[in-house]
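One letter stands for each residue in the lines below.
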Amino acid sequence: MDQTSTLIEHIVEAWTQLQTEQPLVQCITNSVAANYAANVLLAAGASPAMIDNPFEAESFTTISAALSINLGTPTNEQMQAMQISAQTAQRTNTPWVLDPVGYGPVLKWRSDMVDELLQYNPTVIRGNASEISTLAGNQVLSKGVDSTLDSADVYHQAKVLLEHAECIAISGESDFILSKELDAVIQVNGGSYLQPKVTATGCALGALIAAYCAVTTPTIATIAAHTHFAIAGKLAFEKAQTIGQFNVAFMDYIHSLNPDLIQQYADIKILEI
Amino acid sequence: MDQTSTLIEHIVEAWTQLQTEQPLVQCITNSVAANYAANVLLAAGASPAMIDNPFEAESFTTISAALSINLGTPTNEQMQAMQISAQTAQRTNTPWVLDPVGYGPVLKWRSDMVDELLQYNPTVIRGNASEISTLAGNQVLSKGVDSTLDSADVYHQAKVLLEHAECIAISGESDFILSKELDAVIQVNGGSYLQPKVTATGCALGALIAAYCAVTTPTIATIAAHTHFAIAGKLAFEKAQTIGQFNVAFMDYIHSLNPDLIQQYADIKILEI
Amino acid sequence: MDQTSTLIEHIVEAWTQLQTEQPLVQCITNSVAANYAANVLLAAGASPAMIDNPFEAESFTTISAALSINLGTPTNEQMQAMQISAQTAQRTNTPWVLDPVGYGPVLKWRSDMVDELLQYNPTVIRGNASEISTLAGNQVLSKGVDSTLDSADVYHQAKVLLEHAECIAISGESDFILSKELDAVIQVNGGSYLQPKVTATGCALGALIAAYCAVTTPTIATIAAHTHFAIAGKLAFEKAQTIGQFNVAFMDYIHSLNPDLIQQYADIKILEI
């Protein structure tokens, strides 16, 4: 088997393991994504819990199989919870995903927190091209929380971020995942142009990466979550080309993914960094 | 008429009354459930308002026909609002429902608040089997906010909680409602195995119990709300077996329930406690 | 061309401009509306960002093309963000929309904040008939956040509010928009009786007005956003008469509106104030 086929086998195993273990995933996320990310995790096979207060953060992270931290609409209490949970995750070897929504000079409060959270070594950092490029030290003209850059143009820049995390994932028309373990970039194709028209899909993807991290290695987890989304997005678009119906169909396929569909539709390439 | 048929008549009356009165229901709920619970209440015939700050809690509870308190993702401000609103509800004889999401030793902050709120005598306490069992004093291995127990196995334990509330409701494959008034347990069947795959359905059910409490007795209200959900879930699953479409159909049937459907599909049994 | 046809031409131009510019719209909104309003803005062509903390409010409003402030479920931090962002919007000539959800004596905390925010001269004030009537100084028996009055009966009262804003918009079976520029009232017909059964549609409409304000005059923006909703609601109801499916279809038509549909279905009348 070539390296790509091996990866796809690992994705199938990870998906199967997710269904078996139904891992508890703590999500500290934003007000836009809370419901949607919980529904995506449930549909995908995980058990989400949006515990985001500082008074329960430590004890809850301790019993969680993975943690997802998203900086979309932080409150002071959530910020405290993020620090406590990230620190606890590092201490207890619990995998955790950092999604630095809106990272950049305009949104300084959250960006300072992201910088601080890096010390707790996230397992995976995921974001759109603008966020990852800025986090990698480049100056980017941002436009709120949507990307102004193309993922294919910035993934080379992200290599420096591998000093903080096992994987760096960049969403876009194609997704690119930098893996420290493989010393390579994995390109994941699929999805639909409608996907960025549904809010919080990126945030939900971050939570799904965390769920997969509970059952496999960071590299396989990140590729598996992106492939899960890419196939669901592609099949949903074949079924429905209008945004409301697409979103319903997307959730259908997040839930009904299976090994056959993964084998048939996974579209990944391994590139050099 | 036997006792079951009489109960079903009362459910029909309660549903009709809900449509007529469209009661104002204050919900202090979590970030995952806020939108979904509001949509369920609107579709079911009630008028929801998610007023959850401590500065308006007292005056708003005073004008509300019922109150729903849910501990899913509490903030400090919501915690203060819960205390004020629960106290106000008790003082003004406004029925109120307590949903102790995640109750247990891992989530101590909220659990302490639940213990405190019990002094204001909730009209109904509702939760999943793990939450109710723990609240009844048993040691349960919890897994976040999802249940690890079966409702059929724990409802006997819940009897001690009737010292705090008129009804105790336990969600599961079958729902069990302990009624102080009837000195009995009512088993409600229906729904679908897909229902727990949609987040916040339990939270929305708690809000719907509160809505029914505004128009009928606590016992009928609790049975009516569970029957409303059980029929909608059953009919939705007959129409759609994928999670996205099921959820759309579920909302359709929450809205289009009527006396004929209740008569035809209500599936309840009266058991001894 | 008569005045109505000219207005419809302007609506088409505004819609086209919205697709071209995809303006960044900052929304400080409630927990019920956050996801829904973001999805409506994305589907309509804008780029939403729910930045609602006081630490990033000033810098973010500075780069935003428009701002939407909604008082649905305020927190202390959001209240601070509202003040800062409204003040910043006024200073930087950024159009902003005020949605005084629940305005009235029962909800004093938010109502005091609304009174304070008026000093920063919102571009548009929008609400339901009860809210606008109360804001205009009338005593109204409120029922939570739903209206107890008919928009057709109160729009005359709203004239006094034009000292604070360029437009006053009142939602209802028909919508009425008072324009300072035109010194007239524009009635917008359409929608469906199911629309008030979907939570947060009013909140999302407020955000959409803000989005249009980024690309055209306040008067055209307010009429365009209401027409956008009215046509989507009307066509959605022709396609689906049940609440869950209606909501899916509504989002479909928010996204698939186009100049032909606007020309064919826009139903507006110009009245004297």
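Reading the values: rules and limits
- Residue numbers here run from 1 along each chain, matching the order of that chain's written sequence.
- Chain letters and ligand numbers both follow the written order, the letters beginning at A and the numbers at 1.
- Only residues with pLDDT of at least 70 are given local features in this predicted model, and only at 80 or more are side-chain atom pairs given and counted; all residues enter the totals for whole chains, interfaces and linings.
- The side-chain numbers reported here are obtained from all heavy atoms of the structure, hydrogens and water having been left aside.
- Comment: elements are numbered from the N terminus, with helices defined as DSSP H or I runs of at least four residues and strands as E runs of at least two.
- Radius of gyration: C-alpha atoms only; globule rule: 2.2 Å multiplied by the number of residues to the exponent 0.38.
- Think of it in three bands: with a 1.4 Å probe and only protein chains considered, a residue is buried below 20% of the maximum accessible area for its type, exposed above 50%, and partly exposed in between.
- By the convention used here, residues are in contact when the closest approach between their heavy atoms is within 4.5 Å.
- To measure how exposed things are, a 1.4 Å probe is used in the Shrake-Rupley method; for residues, cover is taken only from the protein chains shown.
- Positive charges come from Lys and Arg, negative ones from Asp and Glu, while His and the chain ends are left out of the count.
- A single reference atom marks each charge: NZ on Lys, CZ on Arg, CG on Asp, CD on Glu.
- Least-squares superposition aligns the copies on the C-alpha atoms of those residues with pLDDT at or above 70 in both.
- Only buried residues count toward a nonpolar core, which is a set of Ala, Val, Leu, Ile, Met, Phe, Trp, Tyr and Cys residues joined through side-chain atoms within 4.5 Å.
- Salt bridges are identified by distance alone: a Lys or Arg side-chain nitrogen within 4 Å of an Asp or Glu carboxyl oxygen.
- At least two bridges found by DSSP between two strands are what make those strands a pair.
- For helices, the fitted axis covers only the stretch in contact; all axes are lines through C-alpha atoms, and the angles between them, taken along N-to-C directions, range from 0 to 180 degrees.
- When two components associate, each loses some accessible surface as probed by a 1.4 Å sphere; the sum of these losses over both components is called the buried area.
- Each polar contact in these results corresponds to two N or O atoms within 3.5 Å; when the atoms are within protein, one needs to be able to donate a hydrogen and the other to accept it, and residues that are neighboring in sequence are counted only if both atoms are side-chain atoms.
- Here the expected span of a helix is defined as 1.5 Å times the quantity of residues minus one.
- An arc is given here, and it is the one of the directions from the helix axis to the C-beta atoms.
- In this classification, Asp, Glu, Lys and Arg are treated as charged, Ala, Val, Leu, Ile, Met, Phe, Trp, Tyr, Cys and Pro as nonpolar, and every other residue, Gly included, as polar.
- UniProt positions are given in the numbering used here, feature names are shortened, and annotations may be inferred rather than shown by experiment.

Below, the discussion takes up the overall build of chain A. When helices and strands are tallied, chain A shows eleven helices and nine strands. For chain A, the C-alpha radius of gyration of 17 Å lies close to 19 Å, the compact-globule estimate for 273 residues. Once the C-alpha set of chain A is aligned to its principal axes, its extents read approximately 45 × 40 × 40 Å. Looking at chain A as a whole, 64% of its 273 residues are labelled buried. Within chain A, contacts between residues at least 6 apart in sequence are counted, and of these 70% link residues at least 24 apart. Surface exposure of chain A reaches about 9200 Å², of which carbon and sulfur atoms provide 47%. Distance from the positive charge centre (11 side chains) to the negative charge centre (27 side chains) of chain A: 6 Å.

Here the focus is the relation of the copies chain B and chain A. Each copy of the sequence occupies a distinct position, and chain B is placed on chain A by a rotation of 120 degrees and an axial shift of 0.0 Å, giving an RMSD of 0.0 Å. Between the two chains, the operation in question is that of a three-fold axis. Across chain B, the smallest distance between a C-alpha and the rotation axis is recorded for B:Ser31, namely 3.7 Å. Different-surface contact between copies: only 4% of interface residues of chain B are shared with the interface of chain A.

What follows deals with the nonpolar core. Ranked by internal contacts, the top residues of the largest apolar core, which has 196 residues, are A:Tyr212, A:Ile262, B:Tyr212, B:Ile262, C:Tyr212 and C:Ile262. Aside from chain neighbours lying at most four places away, what touches C:Tyr212 is C:Ala14, C:Trp15, C:Leu18, C:Ala221, C:Ala224, C:Ala225 and C:His228.

Turning our attention to the pattern of salt bridges. Any two side chains of opposite charge can pair, on the condition that their charged atoms come close. For the structure shown, the criterion picks out 16 salt bridges over all chains. Notably, a salt bridge pairs A:Lys180 with A:Glu166, separated by 3.8 Å at the nearest N-O pair. Within this pair, whereas A:Lys180 is found in the loop between strand 7 (175-179) and strand 8 (184-188), its partner A:Glu166 is found in the loop between helix 7 (151-154) and strand 6 (167-171), the two being separated by 14 residues in sequence. Exposure remark for A:Glu166: the relative accessible area of 33% places this residue in the partly exposed category. A salt bridge links B:Lys108 to B:Asp112; the shortest N-O distance between them is 2.9 Å. Placement of both B:Lys108 and B:Asp112 in helix 5 (residues 108-117) is noted, with a separation of four residues, approximately one turn of the helix. Looking at B:Lys108, the relative accessible area reads 52%, which means it is exposed. Overall, the relative accessible area of 38% leaves B:Asp112 in the partly exposed class.

A few words now on the sheet that holds strand 5 (residues 124-128) of chain A. Residues and elements named next belong to chain A. Read from one edge to the other, the open sheet built from nine strands follows the order 2-1-3-4-5-6-7-8-9, with strand pairing classed as mixed. Of all strands in the sheet, those with a lone pairing partner are strand 2 (47-49) and strand 9 (268-272), marking the two edges. With direction set aside, neighbouring strand axes in the sheet form an average angle of 20 degrees. Seen against the sheet, helix 1 (residues 3-21) touches strand 8 and strand 9 and runs at an angle of roughly 125 degrees to strand 9.

Taken together, the 29 residues of chain B in the interface contact 27 residues of chain C. Around 2300 Å² of area is buried between chain B and chain C when both sides are counted, 58% of it from carbon and sulfur atoms. On the chain B side of the contact with chain C, B:Leu42, B:Glu56 and B:His255 bury the most area, a combined 22% of that side's loss. A salt bridge links C:Arg110 to B:Glu56; the nearest nitrogen and oxygen atoms lie 2.7 Å apart. Summed over the shared surface of chain B and chain C, the result is eleven residue pairs in polar contact (both at pLDDT 80 or more).

The next point concerns helix 1 of chain A. Residue and element names in this part refer to chain A. For helix 1, with 19 residues, the first-to-last C-alpha span of 27 Å sits near the 27 Å given by 1.5 Å per residue. Within the sequence span of helix 1, burial applies to Leu7, Ile8, Ile11, Val12, Ala14, Trp15 and Leu18. Down the axis of helix 1, the smallest arc covering the buried residues is 160 degrees, so these residues share one side. Considering only its buried residues, helix 1 is in contact with helix 2 (34-44), strand 8, helix 8 (201-213), helix 9 (218-239), helix 11 (259-265) and strand 9.

In many reports, interface size means the accessible area that the parts give up when they come together. Every contact between the two is made by 27 residues of chain B and, on the other side, 29 residues of chain A. Overall, the association of chain B and chain A removes approximately 2300 Å² of surface from exposure, summing both partners, and the carbon and sulfur fraction of that is 58%. Contact with chain A buries surface across chain B, with B:Val106, B:Lys143 and B:Lys197 losing the most and accounting together for 23% of the total. Taken together, the links from chain B to chain A amount to one salt bridge. Between the two partners, chain B and chain A, sit eleven residue pairs in polar contact (both at pLDDT 80 or more). Those elements that place two or more of their residues in the side of chain B that touches chain A are helix 5 and helix 10 (243-256) of chain B. With four residues, the top contributor of residues to the side of chain B that touches chain A is helix 10 of chain B. Among the residues making up the side of chain B that touches chain A, the classes are represented as twelve nonpolar, ten polar and five charged.

Residues and elements named next belong to chain B. Positionally, arginine 126 belongs in strand 5 (residues 124-128). Here arginine 126 falls in the buried class, since its relative accessible area comes to 5%. A polar atom in the side chain of arginine 126 sits 3.0 Å from the side chain of aspartate 99. Ignoring sequence-local partners within four residues, the contact set of arginine 126 consists of Val97, Leu98, Asp99, Pro100, Ile132, Ala169, Ser171, Gly202, Cys203, Leu205, Gly206 and Ile209.

A few words on the sheet that holds strand 3 (residues 66-70) of chain B. Residue and element names in this part refer to chain B. One open sheet holds the nine strands; their spatial order is 2-1-3-4-5-6-7-8-9, and the pairing between them is mixed. What marks the edges here is a single partner per strand, and that holds for strand 2 (47-49) and strand 9 (268-272). Averaged over all adjacent pairs, the angle separating strand axes in this sheet is 20 degrees, with direction ignored. In the sheet, strand 7 (residues 175-179) pairs with strand 8 (residues 184-188) via five bridges, with the strands oriented antiparallel. Paired with phenylalanine 176 across the strands is glutamine 187, a residue of strand 8. Along the sheet, helix 9 (residues 218-239) makes contact with strand 5, strand 6 (167-171), strand 7, strand 8 and strand 9, crossing strand 6 at roughly 15 degrees.

The next subject is the relation of the copies chain B and chain C. The transformation that overlays chain B on chain C combines an axial shift of 0.0 Å with a rotation of 120 degrees, and the residual RMSD is 0.0 Å. A share of only 3% of interface residues in chain B that are also interface residues in chain C marks the association as one of differing surfaces.

Residue and element names in this part refer to chain A. Residues annotated in UniProt with the feature "binding site: ATP" (unreviewed entry) correspond here to Arg126 and Ser171. For the residues just named, distributed over 46 residues, the greatest C-alpha separation is only 7.7 Å, placing them together at one site. Following the sequence through the fold, serine 171 ends up in strand 6. Judged by its relative accessible area of 18%, serine 171 is buried. Ignoring any residue separated from it by four or fewer positions in sequence, one finds serine 171 in contact with Arg126, Gly127, Asn128, Ala129, Ser151, Leu205 and His226.

Before going further, it helps to examine the UniProt feature "binding site: substrate" (unreviewed entry) in chain A. Following the UniProt record, the feature "binding site: substrate" (unreviewed entry) maps to A:Met50 and A:Ala200 here. Relative to the assigned elements, A:Met50 resides in the loop between strand 2 and helix 3 (57-63). On the basis of relative accessible area, A:Met50 is assigned to the buried category, the value being 7%. The contacts of A:Met50, once residues within four sequence positions are left out, are A:Cys27, A:Thr29, A:Ala34, A:Ala37, A:Ala38, B:Val32 and B:Thr73. With respect to the helices, strands and loops of the structure, A:Ala200 is situated in the loop between strand 8 and helix 8. Sequence-distant contacts of A:Ala200, defined by excluding residues within four places in its chain, comprise A:Val32, A:Ala33 and A:Tyr36.

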